[in-house]
Amino acid sequence: MHKVYKRIERIAGNVVMLEAGDVSYRELAEVSSSQGTSLAQVIRIDGNRVHLQVFAGGRGISTDAHVRFLGHAMQVPFSSALMGRVFTGGGLPRDRGPAIAQNMIDIGGPSVNPAKRIIPRNMVRTGIPMIDVFNTLVESQKLPIFSVAGEPYNPLLARIALQAEVDVIILGGMGLKHDDYLYFRDTLEEQGALSRSVLFIHTAADPIVECLLVPDVALAVAEQFALEGKRVLVLLTDMTNFSDALKEIAITMEQIPSNRGYPGDLYSQLAARYEKAVDFDDAGSITVLAATTMPGDDVTHPIPDNTGYITEGQFYLRNGRIEPFGSLSRLKQLVNNKTREDHRNIMNTMIQLYAAFRETLEKQAMGFRMSSWDRKLLKYGDRFEKEMMDLSVNIPLEEALDLGWRILADCFEPAETALPTKLIEQFWPKEKGGEESKK
Amino acid sequence: MTENIGTIRGINGNLLSVEFEKPVLQNEVGFAQIEDIRLKSEVVRIQGTRAEMQVFEDTTGLRVGDRMEFTGDLLSVELGPGLLTQIYDGLQNPLPELAEQCGYFLQRGIYHEGLNRKTRWTFTPAAASGDEVTAGDTLGTVPEGIFTHRIMIPFRMTRRYTVEKVAPEGEYSLEDVIATLRDADGNTHEVTMVQNWPVKIPIRCYAERLRPSEPLVTRVRIIDTLFPVARGGTYCIPGPFGAGKTVLQQITSRYADVDIVIIAACGERAGEVVETLREFPELTDPRTGKSLMERTLIICNTSSMPVAAREASVYTAVTIAEYYRQMALNVLLLADSTSRWAQALREVSGRLEEIPGEEAFPAYLESVIASFYERGGVVRLNDGSTGSITIGGTVSPAGGNFDEPVTQSTLKVVGAFHGLSRERSDARRYPALDPLDSWSKYPGVVSDEDVQYARHILRQGNEVNQMMKVVGEEGTSLEDFIVYLKSEYLDDTYLQQDAFHPVDAATDADRQKYVFGRIVNILRVPMHFDGKDTARHFFQALTQTTKDWNQASQDENEFKEIEKKLDDMLAEVTEHA
């Protein structure tokens, strides 16, 4: 039987300190006071002084609360019975189903040996031209969606999850609004995907420490599914809340902040989660899609900035569209040479021309006369935005490429596109127009 | 050696406070023990009878009262034949061997010898008994892939010795004694093919350091032509995320004209390392016809691997680079990214509760960065031959802002600055080196006069472009407009390069000289047009044709044909005075 300690020396924020012996680092403890019982984790030991981070928060903890150490670190259950269920960050059921306690696995396990990874090779088809054509999503990629609060990033995540061909969907919700949680649950259910999904949800009303656990719990479960050979898609929304929770704990622990109050190890903390994305050479894979809201639409804010250095590209969601500038899928080069030979050239040319269109727009706004080239660009940019960038467009990659050629042919002469002559001979549509009238 | 055991008194993240009795060294290595797992640690600060130690692993499960076993050694690497083609973590554990032992995950507390003790090497003696020798002198050689690997007197043996006996030609494994030496006091020393060297101390067994003067051809046009790197020089690539730092490093690691490439993947994405380690064995080195892997060594401590080992990894890499430099080889060390390494320093410094400097980086950041880059250079060895280490480090500045401490400390000590710009990468102009901001102090491969002219055109073109934003195209004279088009043409066809095209990805020095000469000549031609639209139209066609030219292999007819076509196009617009 584990010894029970009954005297808490210090309570600050969500961290309590007591004197105890024979405690191991990161061990779990159960803290019970008149306000209820909560799990807590050892985050620092200094001689016999033990600092505990209380999952349910420090509020209502009495100085004579009972603390019992459990002798192991944080664990979650793993079995196929998880499918279709909703849990809290602490691994307790959030729906009305029974608790699951068998086959407990550790969370926050060691990182994958790079020698056991393979080069990602499968494209994830989403039906969204801005992704499929311009920034192809690849299995085992880790990719955030950068947006400001208010953009439809959660519907976009849900749509990608439903259209992607994966075996298991794991949703880690951090600081979600309760209606967003219900939106995810209902959408998955309506589309018949709930039975292959596991949801770990921390809503904005729940204790902040549980928010920190969500990615670890979700990714530990994902890892087990991947080892069983399943292709897993993990959705994490919103990682900004996770980072803010880190900041809160760091400040409580009196750590020296590095940049805007965030701890110096923000990069390592985020990387430890995102790097769980993997393609095993003889098992399944984990693809991680995350939402990161940028405070003040500022990409140089520490959270999006550190995230960008960790992830393999990013999608900017702005005005309800995926921005072609700044959005990048670093892994697209690994797959877009196997789709169709014109894919890469269409991708580059259309973006370069769209950039020229943006410049022309600026000139137009300043009242300069439009040259004939400018007028061509204006026509092109308009069609590009309507027919390619709009998120409601839902067509397979090949159709999107054909559409690209038609738009180019309607707006430009072949030489103006600077496309290689060989491709122009093969793909340039012989007849102009038609697409607009069909729409 | 007597055992030196300490007791753990405090645990905060990966920092332990350890009480000790017998003397300990600063930076001494120790092993913390949880049951039968031993976790490698390093002393980072000593106060009274307490040593603060950073652990190179996850500390979950450690208890106050657990044992710390001090080893009496500094953090070291093993040096000897068999280093090349290896994939190590930051502490020189071979990752493929760890994978065999532990499966998918990196289990903590599992360490592996850096060099295989079973491999047998064919040793050819070079020294004879009676020779006078000292540290770094060659005793004999073994073939290691395409290189002749020198077996040298261990660098720590800095006195004068007389060779008593050298093993005859034959097959030996690493720990076989291959020579016996006697010092002036008459003590004998046995030498094997493997030696240890503490990573944080530079190897200095050379006669003198020389000034880097020879260009190192990377086959990236904008680098070799405008911002060259010298053998034995140092350069840095700062850039915001997504600007193509890593692709640039990968291209360089493939095509750079050096003997050995050491890639230190320090705190970056695991996926990038995987690309290198899966692709390199399949690629052939154009210089030797052998697999590229034979000249490559990867030190890989990716972002999710323990932070303290990340700090060690750049030192492990540079120490191995110094070892091969001692064999009169040219080594290129690519560190990606030095910011992650600096952040590792910051994390440790924060836990030690040191007084922070700018952005919470420790005050000693600058000197640490400077002493790292200073380990590069060209040296004349004691036997008269030369070897070099070129260091190229990427920097990942927070928010893409070059004013932050790591970029600024790095810029002070490097010889070339390849600044990547977000604007260029957004416009898909790769490699995204900013042609106006970047600089280099090293000599390049093409004629200096041409480079000056090209710079002049780029600057003027930029000025015209800025002006056009204010006064519009109609307010710009046709003359200025042509300058602008010329600078865009130079940018589109020469500075930009398609890293994924088989021909365009790498342009050797000869082709650079030829093509650059031609393009500068085109820029120099005075041209006549009726109006801006015809001018634009002409340059669009010219750009397209020149791009086709870039994609044509130099040995094929196509190359000549396109060149002819360019001449014809040009003749039509040339202004005849």
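Conventions we followed
Residues numbered from 1 in each chain as written. Chains lettered and ligands numbered in written order. Predicted model: local features only at pLDDT ≥ 70, side-chain atom pairs only at ≥ 80, totals over all residues. Heavy atoms only, no water. Helix = DSSP H or I, 4+ residues; strand = E, 2+ residues; numbered from the N terminus. Buried < 20%, exposed > 50% of the residue type's maximum accessible area, 1.4 Å probe, protein only. Contact = heavy atoms within 4.5 Å. Areas by Shrake-Rupley, 256 points an atom, 1.4 Å probe, with all protein chains shown as cover. Rg over C-alpha atoms; globule rule 2.2 N^0.38 Å. Lys, Arg positive; Asp, Glu negative; His and termini not counted. Charge placed at Lys NZ, Arg CZ, Asp CG, Glu CD. Domains from an automatic or database assignment. Buried area = accessible area lost by both parts, 1.4 Å probe. Salt bridge = Lys/Arg side-chain N within 4 Å of Asp/Glu carboxyl O. Polar contact = N/O pair within 3.5 Å; in protein donor to acceptor, adjacent residues only side chain to side chain. Nonpolar A, V, L, I, M, F, W, Y, C, P; charged D, E, K, R; others polar. Pairing = 2+ DSSP bridges. Core = buried A, V, L, I, M, F, W, Y, C linked by side-chain atoms within 4.5 Å. Axes fitted to C-alpha atoms, helices over the stretch in contact; angles between N-to-C directions. Parallel < 35°, antiparallel > 145°, perpendicular 65-115°, else oblique. Left-handed = near helix turned anticlockwise from the far one by under 90°. Expected span 1.5 Å × (residues − 1). Bend = angle between axes of the 7 residues up to and from the residue.

(A) Geometry of the overall build of chain A. Assigned secondary structure in chain A consists of 13 helices and 23 strands. Overall, chain A is about 85 × 45 × 40 Å in size when its C-alpha atoms are taken along their principal axes. Counting only residues that meet the buried cut, chain A has 61% of its 439 residues in that class. Sequence-distant contacts, at least 24 apart, represent 72% of the contacts inside chain A between residues at least 6 apart. Total accessible area computed for chain A in this model is approximately 16400 Å², and 47% of it derives from carbon and sulfur atoms.

(B) Main features of the overall build of chain B. Across its full length, chain B carries 14 helices and 28 strands. Scaling as 2.2 N^0.38, a compact globule of 577 residues should have a C-alpha radius of gyration of about 25 Å, and chain B matches this with 27 Å. When its C-alpha atoms are laid out on the principal axes, chain B stretches across 90 × 55 × 40 Å. By residue count, 61% of the 577 residues in chain B fall in the buried class. By sequence separation, contacts in chain B at least 24 residues apart represent 70% of the contacts at least 6 residues apart. Of the roughly 21900 Å² of accessible surface on chain B, 47% is carried by carbon and sulfur atoms. Distance between charge centroids for chain B: 2 Å, based on 59 positive and 86 negative side chains.

(C) Layout of the domain arrangement of chain A. Residues and elements named next belong to chain A. When its domains are assigned, chain A resolves into domain 1 (4-73), domain 2 (76-335) and domain 3 (343-438). Computed from C-alpha atoms alone, the centre-to-centre distance between domain 1 and domain 2 is 29 Å. Facing 13 residues of domain 1, the contacting portion of domain 2 comprises 11 residues. Roughly 910 Å² is buried in total at the junction of domain 1 and domain 2, and carbon and sulfur atoms are behind 66% of that figure. Interface area lost by domain 1 to domain 2 is led by N14, Q53 and F55, which between them contribute 51%. Across the contact surface, domain 1 and domain 2 share zero salt bridges. Where domain 1 meets domain 2, there are zero residue pairs in polar contact (both at pLDDT 80 or more). Contributing elements (two or more residues each) for the side of domain 1 that touches domain 2: β2 (8-12), β5 (36-46) and β6 (49-54). With three residues, β6 is the largest single contributor of residues to the side of domain 1 that touches domain 2.

(D) Inspection of the domain arrangement of chain B at higher detail. Residues and elements named next belong to chain B. When its domains are assigned, chain B resolves into domain 1 (4-74), domain 2 (78-113 + 206-438), domain 3 (120-193) and domain 4 (448-573). Listed per partner, the contact involves 19 residues of domain 2 and 24 residues of domain 4. Interface area, domain 2 with domain 4, both sides summed: about 1900 Å², of which 55% is carbon and sulfur. Taken together, domain 2 and domain 4 are joined by four salt bridges. In this structure, R221 engages D504 in a salt bridge whose closest nitrogen and oxygen atoms are separated by 3.0 Å. Only α2 (221-226) and α3 (245-255) provide two or more residues apiece to the side of domain 2 that touches domain 4. Looking at which element gives the most residues to the side of domain 2 that touches domain 4, the answer is α2, with five residues. For the side of domain 2 that touches domain 4, the per-class residue count stands at 12 nonpolar, one polar and six charged.

(E) Layout of the sheet that holds strand β16 (residues 188-191) of chain B. Residue and element names in this part refer to chain B. Pairing is antiparallel across the open sheet formed by four strands, whose spatial order is β10-β13-β15-β16. The open sheet has two edge strands with one neighbour each: β10 (132-133) and β16. Of the strand pairs in this sheet, strand β15 (residues 179-183) and β16 are connected by four bridges, and their pairing is antiparallel. Looking across to β16, one finds that R182 is bridged to T188.

(F) Expanded view of the nonpolar core. Residues and elements named next belong to chain B. Core analysis: the biggest nonpolar cluster contains 80 residues, and M527, F538 and F539 have the highest contact counts within it. The greatest single-element share of this core, amounting to eight residues, is contributed by helix α11 (residues 478-495). Counting contributing residues, this core receives three or more from each of domain 2 (78-113 + 206-438) and domain 4 (448-573). In this view, M527 contacts I482, K486, I522, F538, F539, L570, V573 and E575; residues no more than four positions away in its chain are not counted. Core analysis: the second largest hydrophobic core is formed by 78 residues, L115, V133, L181 and V406 among them.

(G) The sheet that holds strand β12 (residues 147-152) of chain B, seen in detail. Residue and element names in this part refer to chain B. As summarised here, the arrangement of the four strands in space is β12-β11-β9-β14, forming an open sheet in which the pairing is antiparallel. Both edges of this open sheet fall to β12 and β14 (170-173), since each of them pairs with a single strand only. Each strand axis lies, on average, 45 degrees off the axis of its neighbour in the sheet, ignoring direction. Pairing geometry for strand β9 (residues 120-125) and strand β11 (residues 138-144), over two bridges, is antiparallel. From the neighbouring strand, T124 faces β11, where its bridge partner is T141.

(H) Spotlight on the interface of chain A and chain B. Contacts between the two partners involve 84 residues from chain A, matched on the other side by 79 residues from chain B. On the chain A side of the contact with chain B, A:Y25, A:Y309 and A:R330 bury the most area, a combined 12% of that side's loss. One can count six salt bridges joining chain A with chain B. Measuring nitrogen to oxygen at the nearest pair gives 3.4 Å for the salt bridge that ties A:R330 to B:E275. The tally of links from chain A across to chain B stands at 34 residue pairs in polar contact (both at pLDDT 80 or more). When residues of the side of chain A that touches chain B are assigned to their parent elements, the largest contribution, six residues, is made by helix α7 (residues 302-310) of chain A. Of the residues belonging to the side of chain A that touches chain B, the class tally is 40 nonpolar, 22 polar and 22 charged. Relative to strand β1 (residues 4-12) of chain B, β5(A) runs antiparallel, the two being bridged by two bridges. Paired with A:I45 across the strands is B:I11, a residue of β1(B).

(I) How the structure looks around the packing of helix α10 (residues 448-471) of chain B against α11(B). All names here are of chain B. At their nearest, the axes of α10 and α11 sit 8 Å apart, and the two run at 120 degrees to each other. As the angle between them shows, α10 and α11 are arranged oblique. The interaxial crossing formed by α10 with α11 has left-handed handedness. Across the interface between the two elements, A454, I457, L458, Q460, G461, V464, N465, M467 and M468 from α10 touch D480, F481, V483, Y484, K486, S487, L490 and L495 from α11. In terms of residue class, the contact of α10 with α11 is built from 11 nonpolar, four polar and two charged.

(J) Looking closely at the side chain of A:D374. In this structure, A:D374 sits in helix α10 (residues 372-389). In contact with A:D374, not counting residues within four places along its chain, are A:T360, A:K363, A:R369 and B:E473.

(K) Structural detail: the packing of helix α2 (residues 153-163) of chain A against helix α3 (residues 178-190) of chain A. Residue and element names in this part refer to chain A. The interhelical angle for the contact between α2 and α3, taken along N-to-C directions, is 20 degrees, at an axis separation of 11 Å. Considering their axes alone, α2 and α3 lie roughly parallel with respect to each other. Where α2 crosses over α3, the handedness of that crossing is right-handed. Residues N154, P155, L157, A158 and L162 of α2 touch α3, and the partners they reach there are D180, Y183, F184, T187 and L188.

(L) Representation of helix α5 (residues 307-325) of chain B. Residue and element names in this part refer to chain B. Helix length check: α5 (19 residues) gives 28 Å between terminal C-alpha atoms against 27 Å at 1.5 Å per residue, within 8%. Residue S313 marks the point of greatest curvature in α5, where the axis turns by about 25 degrees. α5 sits mainly inside the fold: 19 of its 19 residues count as buried.

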